[in-house]
Amino acid sequence: MASTIPVTIDFSGGAEFLVKAKVQKVQIPADSTLRDVLKFVRDNLVTDVHRMNMLLNEDASEVAHGVITLINDTDTGLLSEYDTTIEAGDTITFVSTLHGG
């Protein structure tokens with residue numbers, strides 16, 4: 001059995017309407033990268049599959065344009081972006097900056 005680690009995934013700025021709950025405490029496989037988390041979100045947390053493109057690109061390899069991704073309140077652009085290794089206890093935050101009007 002593969003080992004897992006606990007993480008918190010937080011959705012805000014409208015992204016929370018695409019998933020089961022705004023804040024979710026989940027177990028992901030150890031040694032996961034941010035790119036692995038995106039696929040986990042797609043496969044396990046997204047409830048509005050018709051609007052998933054507002055959060056993730058088609059193959060869940062990147063976030064959609066206008067979505068900021070933070071790990072422990074640090075912009076992933078300052079880290080290793082999608083190759084950042086996730087550690088036990090990390091908080092991954094997805095913030096949508098796109099708003100309708």
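First, a word on scope: everything that follows refers to the structure included in this document. (Residues numbered from 1 in each chain as written. Predicted model: local features only at pLDDT ≥ 70, side-chain atom pairs only at ≥ 80, totals over all residues. Heavy atoms only, no water.)

Examining the nonpolar core
Okay, so step 1: Core analysis: the largest hydrophobic core is formed by 28 residues, its most contacted members being I9, F11, V41, L55, I86 and F94.
Okay, so step 2: Counting only elements with at least two residues in this core, the list comes to β1 (4-12), β2 (23-29), α1 (34-45), β3 (67-71) and β5 (91-96).
Okay, so step 3: Looking at which element gives the most residues to this core, the answer is α1, with six residues.
Okay, so step 4: Sequence-distant contacts of V41, defined by excluding residues within four places in its chain, comprise I9, F11, V46, L55, L56 and F94. (Core = buried A, V, L, I, M, F, W, Y, C linked by side-chain atoms within 4.5 Å. Buried < 20%, exposed > 50% of the residue type's maximum accessible area, 1.4 Å probe, protein only. Helix = DSSP H or I, 4+ residues; strand = E, 2+ residues; numbered from the N terminus. Contact = heavy atoms within 4.5 Å.)

Focus: the pairing of β5
Okay, so step 1: Across five bridges, β1 lies against β5 in parallel orientation. By the bridge assignment for β5, S12 is matched with V95.
Okay, so step 2: With five bridges joining them, β3 and β5 adopt antiparallel strand pairing. Residue pairing for β5: T69 is matched across the bridge by F94. (Pairing = 2+ DSSP bridges.)

Some thoughts on the packing of aromatic side chains
Okay, so step 1: Following the criterion strictly, the structure yields one aromatic pair and no others.
Okay, so step 2: Ring geometry for F11 and F94: centres 5.4 Å apart, planes at 15 degrees, overall stacked. In this pair, F11 sits in strand β1 while F94 sits in strand β5, placing the two residues 83 residues apart along the sequence.
Okay, so step 3: F94 sits in the buried class, given a relative accessible area of 0%. (Phe/Tyr/Trp six-rings, centres within 6.5 Å; stacked < 30°, edge-to-face > 60°.)

Let's talk about the side chain of T84
Okay, so step 1: Tracing the backbone shows T84 in the loop between β4 (74-75) and β5.
Okay, so step 2: Within the structure, T84 has its side chain in polar contact with the backbone oxygen of E81 (distance 2.9 Å). (Polar contact = N/O pair within 3.5 Å; in protein donor to acceptor, adjacent residues only side chain to side chain.)

Observations concerning the pairing of β1
Okay, so step 1: Among the nine residues that make up β1, seven are buried, leaving the element largely enclosed by the rest of the structure.
Okay, so step 2: Bridge count between β1 and β2: seven bridges; the pairing is antiparallel. The partner of D10 across the bridge, within β2, is V23.

Section: the sheet that holds β3
Okay, so step 1: Overall, mixed pairing links the five strands, which are arranged β2-β1-β5-β3-β4 in an open sheet. Strand pairing shows two members of the sheet lacking a second neighbour, β2 and β4, which therefore form its edges.

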